[in-house]
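# Chain and residue survey
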Amino acid sequence: MPPTPRPARHCQPGHAPPAPAAALAFAWRAALRIRHLPDQLFDVTVFPLMMLVMFTYLFGGALAGSTGEYLQSVLPGILVMTVTMTTQSTAVALNTDIAKGVFDRFRSLPIWRPAPVAGALLADLGRYAIAATMIMGLGVLLGFRPAAGPTGVLAGVGLVLLFAWSLSWVWTSLGLLARTPESVMFLGILVTFPMSFVSNVFVDPATLPGWLEAFVDVNPVTHLVTAVRGLMHGEPVTTETGWVLATCAALVAVFAPLTMRLYRRER
Amino acid sequence: MSPYAIHAEGLRKRYGDTVAVDGVDLAVPQGSVYGFLGPNGAGKTTTIRMLATLVRPTARTARIFGHDVVADADAVRARISLTGQYASVDDDLTGWENLVLMGRLLGHRHRAAAGRARELLAAFGLEAAARRRVKRYSGGMRRRLDIAASIVVTPDLLFLDEPTTGLDPRSRTRVWDIVRELARGGTTVLLTTQYLEEADRLADRLAVIDRGRVIAEGTTAELKRSVATGAVHVRLRDPARREDAARILTRVLAVPVHHEEDPAALSAGLDDPARAGAALSLLACAGIAVSDFSLGRPSLDEVFLALTGQHTAPGPRQEATA
Ligand SMILES: Nc1ncnc2c1ncn2[C@@H]1O[C@H](COP(=O)(O)OP(=O)(O)O)[C@@H](O)[C@H]1O
Ligand SMILES: [Mg+2]
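Chain B carries the name ABC-type xenobiotic transporter in an unreviewed UniProt entry, which gives Streptomyces aidingensis as its organism. According to its UniProt record, chain B has this under Subcellular location (unreviewed entry): "Cell membrane".

Going by an unreviewed UniProt entry, chain A carries the name Transport permease protein and comes from Streptomyces aidingensis. Turning to chain A, the UniProt record has this under Sequence similarities (unreviewed entry): "Belongs to the ABC-2 integral membrane protein family."

### Topic: the site of ligand 1
Residue and element names in this part refer to chain B. Near ligand 1 you find Y15, T18, A20, P39, N40, G41, A42, G43, K44, T45 and T46, and these make up its full shell. G41 is positioned such that a nitrogen or oxygen atom in its backbone is 2.7 Å from an oxygen atom of ligand 1. Within the backbone of A42, one N or O atom sits 3.1 Å away from an oxygen atom of ligand 1. For ligand 1, whose accessible area on its own is 560 Å², the fraction buried by protein is 63%. Among the elements of the structure, β2 (18–29) and α1 (44–51) are those that each provide at least two residues to the shell around ligand 1. For the shell around ligand 1, the per-class residue count stands at 4 nonpolar, 6 polar and 1 charged.

### Comments concerning the coordination of the magnesium ion (ligand 2)
In this structure, T45(B) (OG1) and Q85(B) (OE1) serve as the protein donors to the magnesium ion (ligand 2), at separations of 1.9 to 2.2 Å. One end of the pair, T45(B), is in helix α1; the other, Q85(B), is in the loop between β6 (80–83) and α3 (95–105), with 40 residues separating them in the sequence.

### What to know about the environment of A227(A)
All names here are of chain A. As for its position among the elements, A227 is in helix α10 (residues 220–233). In this structure A227 comes out as buried when scored by relative accessible area, which is 0%. Sequence separation between A227 and V237 is 10 residues; the distance between their C-alpha atoms is 5.5 Å. When neighbours within four sequence positions are excluded, A227 is seen to be in contact with L159, V237, E240, T241 and V244.

Rules used throughout
- Residues numbered from 1 in each chain as written.
- Chains lettered and ligands numbered in written order.
- Predicted model: local features only at pLDDT ≥ 70, side-chain atom pairs only at ≥ 80, totals over all residues.
- Heavy atoms only, no water.
- UniProt positions renumbered as here; feature names shortened; annotations may be inferred.
- Near = heavy atom within 4 Å.
- Polar contact = N/O pair within 3.5 Å; in protein donor to acceptor, adjacent residues only side chain to side chain.
- Areas by Shrake-Rupley, 256 points an atom, 1.4 Å probe, with all protein chains shown as cover.
- Helix = DSSP H or I, 4+ residues; strand = E, 2+ residues; numbered from the N terminus.
- Nonpolar A, V, L, I, M, F, W, Y, C, P; charged D, E, K, R; others polar.
- Donors = N, O, S within 2.8 Å, 3.2 Å for Na, K, Ca; no water.
- Buried < 20%, exposed > 50% of the residue type's maximum accessible area, 1.4 Å probe, protein only.
- Contact = heavy atoms within 4.5 Å.

Structure, rendered in structure tokens:
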């Protein structure tokens, strides 16, 4: 049976969709990929829950006297850590698209050019929101009692999402620059691991040797964790929040234009 | 409006020390199927990528329907579609999802995109595999889906980069049918291939490219005529009649006739295949029985060999056996 492709009736060539529609289509694609490959969600579901339970019960007694007390301070830290570590998955996905040639097709379409990147970042916000919901849900079950109530929690989660989204631009640049998805993944781990662990997520920086404490103090993750703890527990953290917002602005100011330039660059 | 779908003069692309495309001239009329024939590494993909706005030429530029591929890339993208050398569909999505995604990216609403996807899947014989992930498609199915994704909105100009490389003969024939159908619908097709037979069967005109340069251009008939001559092979039932047959053939073909090693066989070079028919009927009139008669059409491989001194990729030799 010979195939008989017919011209499309619904749409004439040259009708590019508006920018948000194109970005939404890419976000839809990301959602479909998650549906087909649910293990992509491990890093925002199973992993943070495991970390939360593990650290609360493993270190709670030793580091804070009681697990209940430790949970109050470690939960915001684990939220930040999980979301920070998952930001690199965008880069891996982007680089895989390029390596497979899927990107060539997208780049030859008459669409808003950054749409694939914008769509991926939009889908990532969804992933981060899933991670936040999981952690907060389990946290409350385990006895997390934020003094600032739901408003404080929302403010804290919002700040984490903003930071993650800003940090994602670093990864989109890297994803467009790197030669293979494997190198992206390796670099991602190389950066996010120390950033997450060498911070105040698990321990009080005052207990660390001086040189390490110096790194912890400049690590943006430290400022973010302090700010999120403060927002959730109703302590004043205006300075820390300011620092985080400034970091976010700087990341976006540098890496968003860089991503766009790399995206337009030919391969 | 430009009468040409593609018009390029002196198009060049250099990567470091490698000159991938070294001054390609192209004039592809609208509504035609244009073949771009050359061996591996000749510069076919690079040329297509420049024409499809993915790569910026090192020197000069090209016009697609009158729009400059560098200065007016958006206008070009609105008229073209590209099916790259390696399938550029998302392996992790189903065939249906891939097509709906393309539809949405091209401005359809979800429902219209879904309708178009169903229509294309049916047309390309992929209905049964619509809900299966592309990862589990065969090479031929993946290729068809890839082409379907390029015509979700029918483009005015479709680039197909080696659409049948690596496909089995049946899948290849299906792809050929698709290309012909698209051309009938008015889409201009630029098709690269390493297979002579493919260019011969599909293309109205073709350019032969080697080491980044177009070394010959014309209709397939013109190219063949310019270089190669065919050959006729005759095998007689009775070897004793070979001399009579040779005399007849020499007279009607007006070329020297060669006596083969096989005592019943004769062969002769041939400028005009039409004379072979006359030769055959004269042999019959003279009561010389023929057990085997074949007309070796000049193949594009001979064209290529004559032009470059090299063979192209092995393709099936074309021989019409009478
Ligand atoms: N991105 C690139 N970087 C360096 N060299 C390249 C690149 N793309 C193609 N080439 C070189 O340019 C030449 C032509 O390649 P290509 O256009 O892919 O040929 P074809 O498609 O005819 O096989 C080859 O020698 C190839 O190695
Ligand atoms: Mg090629």
